[in-house]
Number of protein chains: 2
Amino acid sequence: MKPVGPIPSGYATVDGELAIGGRTARALVAEAGGTPLFVYSRAHLDARMAELRAALPARVGVNYAVKANPHPAVIAHMAPLVDGFDIASAGELRLCEAAGIDAGRISFAGPGKRDAELEAAIAAGVTLNCESEGEGARALAIGERLGIAPRIAVRVNPSFAMTGSGMKMGGGPKQFGVDAERVPALARHLIAHGAEWRGLHIFTGSQTLSAEAIIEAQANVLNLATELAEAIGGPLPKLNMGGGLGIPYFPGDTPVDLAKVGAALAERVADLPEVLAGTELCMELGRYLVGEAGVYLCRVIDRKESHGTTFLVTDGGLHHQLAASGNFGTVVRRNYPSAIATRYGAQGEEEVNIVGCLCTPLDRLADNALMPRAEVGDLVAVFCAGAYGATASPSAFLGHGPAAEILV
Amino acid sequence: MKPVGPIPSGYATVDGELAIGGRTARALVAEAGGTPLFVYSRAHLDARMAELRAALPARVGVNYAVKANPHPAVIAHMAPLVDGFDIASAGELRLCEAAGIDAGRISFAGPGKRDAELEAAIAAGVTLNCESEGEGARALAIGERLGIAPRIAVRVNPSFAMTGSGMKMGGGPKQFGVDAERVPALARHLIAHGAEWRGLHIFTGSQTLSAEAIIEAQANVLNLATELAEAIGGPLPKLNMGGGLGIPYFPGDTPVDLAKVGAALAERVADLPEVLAGTELCMELGRYLVGEAGVYLCRVIDRKESHGTTFLVTDGGLHHQLAASGNFGTVVRRNYPSAIATRYGAQGEEEVNIVGCLCTPLDRLADNALMPRAEVGDLVAVFCAGAYGATASPSAFLGHGPAAEILV
């Protein structure tokens with residue numbers, strides 16, 4: 001028997017079924033026209049933002065990293081809730097523009113920005129988080145050609161990473177940003193050549209559950225920003241401190257102690273050095289804002305036995321839930337939080353393997369999991385599906401097509 | 001320094017550039033309208049099929065597993081070359097129908113076939129590789145409703161797997177097929193209830209480079225098919241023996257000794273037991289037919305240094321080449337065969353990390369690889385990109401969109 005991960009709070013039982021936004025899983029599937037289906041919960045998005053605003057000092061803004069979930073309805077819902085949007089491509093810029101988000105609230109990071117992407121961003125007035133000297137030169141040249149002063153921040157490759165983070169974004173050689181020691185020269189060069197100086201972006205890691213690690217990383221980021229701002233000379237307009245706050249996916253994971261992170265940050269920002277006194281501060285969060293707000297629903301198509309093992313074969317799978325299948329940035333597969341949505345809250349009574357419909361042994365949603373007995377037609381829920389689900393999965397694989405997505 | 005995998009044979013140098021189908025990488029990119037681009041080579045597809053036909057006994061047909069590469073031009077090219085097509089979804093059925101492939105040549109495997117998919121397949125006259133008793137019952141019911149005798153084979157979960165295969169598809173509890181000991185009863189039930197009996201499908205593994213392992217698996221498959229056919233009673237119309245032939249991806253990998261596989265199979269099929277005397281035999285191959293025929297081309301967008309390491313940042317990445325990035329079914333990342341396409345055949349002179357454009361450290365195409373010096377604008381080639389590339393990757397991730405694909 002292998003445990004499943006912890007189900008996020010805020011999901012209710014109605015008539016013995018999982019309910020999201022007050023509606024049962026079956027009702028949601030009927031409304032969406034079938035399975036597989038991603039359901040994103042407005043109430044969860046709102047609650048998470050309220051928690052964050054309550055915990056963080058007012059001085060620190062919150063940006064949404066669109067790549068976590070670029071569904072148009074999610075972007076539109078986040079628009080009035082967050083201070084800014086971080087994009088990773090011209091495609092994401094188009095999604096933000098379609099949602100009516102002012103380009104002045106958008107910044108664009110990514111190590112491989114094409115000229116056409118730089119041009120679209122500069123023309124729109126988006127801030128570029130410049131990833132290298134070469135990209136800086138290209139941005140200046142495009143700005144000159146367009147007759148627009150490009151808004152540019154520099155993304156820093158810090159010499160430290162967030163300890164214990166699921167994905168380290170700093171420390172040692174990286175394709176992201178500019179090594180810290182070269183940042184002042186690059187920043188001065190950009191300013192001298194007509195860029196509108198927008199400050200620094202320092203991202204140190206992601207998916208960390210340890211408040212201590214986040215506090216330490218934020219202290220390091222503020223120290224580094226101070227040093228760099230002093231070396232650049234002059235006040236820093238903005239500092240994107242990165243994100244890093246994780247969500248519990250696996251057995252034993254516990255939520256970040258947000259109050260602790262917020263208190264430490266409040267203490268720190270109450271006592272900023274002169275060079276950061278007027279700096280606009282923000283955190284950039286993706287998964288933390290939307291991950292727990294999403295549930296992936298799929299239907300049991302077959303219930304079969306093989307050599308004493310029960311398989312629930314669903315119409316979902318890794319083509320929508322690559323990370324949950326254990327095939328994306330994971331070494332040892334563990335079970336995401338999951339449940340039989342149509343028998344929600346019922347006692348576990350049998351050990352089952354919940355698999356997808358793809359013809360590959362990689363397509364697993366839950367291994368050796370204790371579940372109430374499910375029959376063909378029952379719905380399976382995989383939680384923590386709000387971030388890096390639909391778009392971070394190979395939806396064209398085997399020709400089943402993408403899942404539907406709704407915001408409720 | 002980490003070596004890259006072996007570049008498949010048949011790729012030439014023209015004017016110092018990689019040439020595919022006699023045209024240089026730059027010319028192909030210009031024709032396709034830009035990078036990233038998958039180029040599939042007719043000459044490679046033809047050569048591989050010719051090798052197979054020469055090596056295999058005439059008695060054994062070759063089916064193409066569409067999931068390996070469902071690009072419409074590739075399906076159309078394979079149509080006259082192979083004997084049959086194996087599909088894994090109604091989506092793949094539509095692609096085969098669009099290519100004008102007769103449904104009588106198509107079989108449909110997959111553990112999670114929805115009712116609508118069963119219905120589409122039965123209505124078209126496709127052979128279902130039945131994965132369970134439950135699926136068999138659904139197929140019979142749908143056939144009855146449509147007034148069509150469904151063509152059904154049974155997919156067997158054998159008690160053995162192919163030794164040394166990259167992905168085991170048999171042995172122990174599996175979501176695929178029906179445990180061998182239950183197959184005779186199911187087959188007799190299907191026949192008794194009006195199915196058009198199409199025989200057995202026994203898939204034991206994939207991506208094996210050892211001729212001995214393949215020969216052993218094929219012997220086991222033929223023995224098992226004999227036993228099952230005798231237990232079912234009556235001649236077996238067809239036997240899909242599965243595939244399993246791998247291609248070299250990584251340093252040290254060597255091609256399958258096809259002549260040896262073919263010779264062993266010829267010997268075996270010359271001496272088949274009575275119950276298989278009239279059986280139509282085929283192998284089902286996907287990766288082996290198309291994998292080495294594909295090259296993924298992307299462009300160097302930035303060349304940057306970080307703490308003494310050189311990064312070539314491209315406009316491609318794991319959103320098109322998930323397996324090459326080491327994030328799909330892989331535990332230890334190794335380098336796929338790759339090269340600087342615009343300096344093809346030039347001497348290696350520096351160690352570089354070739355990365356994609358996505359904002360994640362998972363997005364790597366080659367680590368610490370010895371390459372000729374490349375500049376911004378050069379093209380990078382990743383080989384062995386013909387199978388499980390475009391569709392087996394999360395093309396919507398970060399909003400860059402899918403790569404172009406051409407057959408030349």
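Residues numbered from 1 in each chain as written. Chains lettered and ligands numbered in written order. Predicted model: local features only at pLDDT ≥ 70, side-chain atom pairs only at ≥ 80, totals over all residues. Heavy atoms only, no water.

(A) Molecular detail of the side chain of B:Ser338. All names here are of chain B. Here Ser338 shows up in strand E18 (residues 338–340). Residue classification places Ser338 among the buried residues on the basis of a relative accessible area of 4%. Leaving out residues up to four positions away in the same chain, Ser338 has contacts with Val4, Ile7, Ala366, Met371, Ala381, Val382 and Phe383. (Helix = DSSP H or I, 4+ residues; strand = E, 2+ residues; numbered from the N terminus. Buried < 20%, exposed > 50% of the residue type's maximum accessible area, 1.4 Å probe, protein only. Contact = heavy atoms within 4.5 Å.)

(B) Spotlight on the nonpolar core. Ranked by internal contacts, the top residues of the largest apolar core, which has 235 residues, are A:Phe85, A:Leu200, B:Phe85 and B:Leu200. If we ignore the near neighbours within four places in the chain, the residues touching A:Leu200 are A:Ala153, A:Val154, A:Val156, A:Val183, A:Ala225, A:Leu228, A:Ile232, A:Leu236, A:Lys238, A:Leu239 and A:Asn240. (Core = buried A, V, L, I, M, F, W, Y, C linked by side-chain atoms within 4.5 Å.)

(C) Representation of the interface of chain A and chain B. Tallying the contact residues gives 69 residues for chain A and 69 residues for chain B. Across the chain A/chain B interface, buried area totals approximately 5,400 Å², and carbon plus sulfur atoms make up 61% of it. On the chain A side of the contact with chain B, A:Gln175, A:His307 and A:Cys359 bury the most area, a combined 13% of that side's loss. For the side of chain A that touches chain B, the elements supplying multiple residues, two or more each, are helix H4 (90–98), helix H6 (133–146), strand E9 (151–157), strand E10 (167–168), strand E16 (294–306) and strand E17 (309–314) of chain A. (Buried area = accessible area lost by both parts, 1.4 Å probe.)

(D) Focus on the sheet that holds strand E1 (residues 12–14) of chain B. Residues and elements named next belong to chain B. The strand order E1-E2-E3 describes an open sheet built from three strands, whose pairing is antiparallel. In the strand order of this sheet, the two ends are held by E1 and strand E3 (23–24), each with one partner. Bridge count for E1 against strand E2 (residues 17–20) is three bridges, and the pairing is antiparallel. Across the sheet, residue Thr13 finds its bridge partner in E2, namely Leu18. (Pairing = 2+ DSSP bridges.)

(E) Representation of the relation of the copies chain A and chain B. Rotating chain A by 180 degrees and moving it 0.0 Å along the rotation axis overlays it on chain B with an RMSD of 0.0 Å. The transformation just described matches what one would write down for a two-fold rotation axis. Distance from the rotation axis, computed per C-alpha, reaches its smallest value in chain A at A:Pro394: 1.9 Å. (Least-squares fit on C-alpha atoms with pLDDT ≥ 70 in both.)

(F) A look at the packing of aromatic side chains. Tallying each qualifying case throughout the model produces 20 aromatic pairs over all chains. Ring geometry for A:Phe250 against A:Tyr336: centres 5.6 Å apart, planes inclined by 70 degrees, an arrangement best described as edge-to-face. Taken together, the residues span a long stretch of sequence, with A:Phe250 in the loop between strand E14 (238–240) and helix H9 (258–269) and A:Tyr336 in the loop between E17 and strand E18 (338–340) at a distance of 86 residues. Taken as a pair, A:Phe250 and A:Tyr336 share a single burial class, namely buried. Residue placement shows B:Lys113 over the ring face of B:Phe108; its charged tip is 5.4 Å from the ring centre. (Phe/Tyr/Trp six-rings, centres within 6.5 Å; stacked < 30°, edge-to-face > 60°. Lys NZ or Arg CZ within 6 Å of the ring centre and 35° of its normal.)

(G) Inspection of a nonpolar patch on the surface at higher detail. Residues A:Val331, A:Val332, B:Val331 and B:Val332 make up a contiguous nonpolar surface patch of roughly 430 Å² in combined accessible area. Relative to the assigned elements, B:Val332 resides in the loop between strand E17 (309–314) and E18. The exposure class assigned to B:Val332 is exposed, which follows from its relative accessible area of 58%. (Patch = residues over 30% accessible without salt bridge, like charges linked within 9 Å, V, L, I, M, F, W, Y side chains within 5 Å. Areas by Shrake-Rupley, 256 points an atom, 1.4 Å probe, with all protein chains shown as cover. Salt bridge = Lys/Arg side-chain N within 4 Å of Asp/Glu carboxyl O.)

(H) Region of interest: the packing of helix H8 (residues 211–232) of chain B against helix H9 (residues 258–269) of chain B. All names here are of chain B. With their axes 9 Å apart at the nearest point, H8 and H9 run at an angle of 20 degrees to one another. Considering the angle they form, H8 stands roughly parallel to H9. Handedness of the H8/H9 crossing: right-handed. Along its contact with H8, which presents Ala211, Glu212, Ile214, Ile215, Gln218, Ala219, Leu222 and Asn223, the element H9 presents Lys260, Val261, Ala264, Leu265 and Arg268. (Axes fitted to C-alpha atoms, helices over the stretch in contact; angles between N-to-C directions. Parallel < 35°, antiparallel > 145°, perpendicular 65-115°, else oblique. Left-handed = near helix turned anticlockwise from the far one by under 90°.)

(I) Region of the structure containing the domain arrangement of chain A. Residue and element names in this part refer to chain A. Splitting chain A by domain gives domain 1 (12–40 + 292–407) and domain 2 (70–285). Computed over C-alpha atoms, the centres of domain 1 and domain 2 are 34 Å apart. Every contact between the two is made by 10 residues of domain 1 and, on the other side, 10 residues of domain 2. Of the roughly 1,000 Å² buried at the junction of domain 1 and domain 2 (both faces included), carbon and sulfur atoms supply 68%. A per-residue breakdown of the area domain 1 buries against domain 2 is headed by Glu292, Arg334 and Leu407, which together make up 41% of the total. Between the two partners, domain 1 and domain 2, sit zero salt bridges. (Domains from an automatic or database assignment.)

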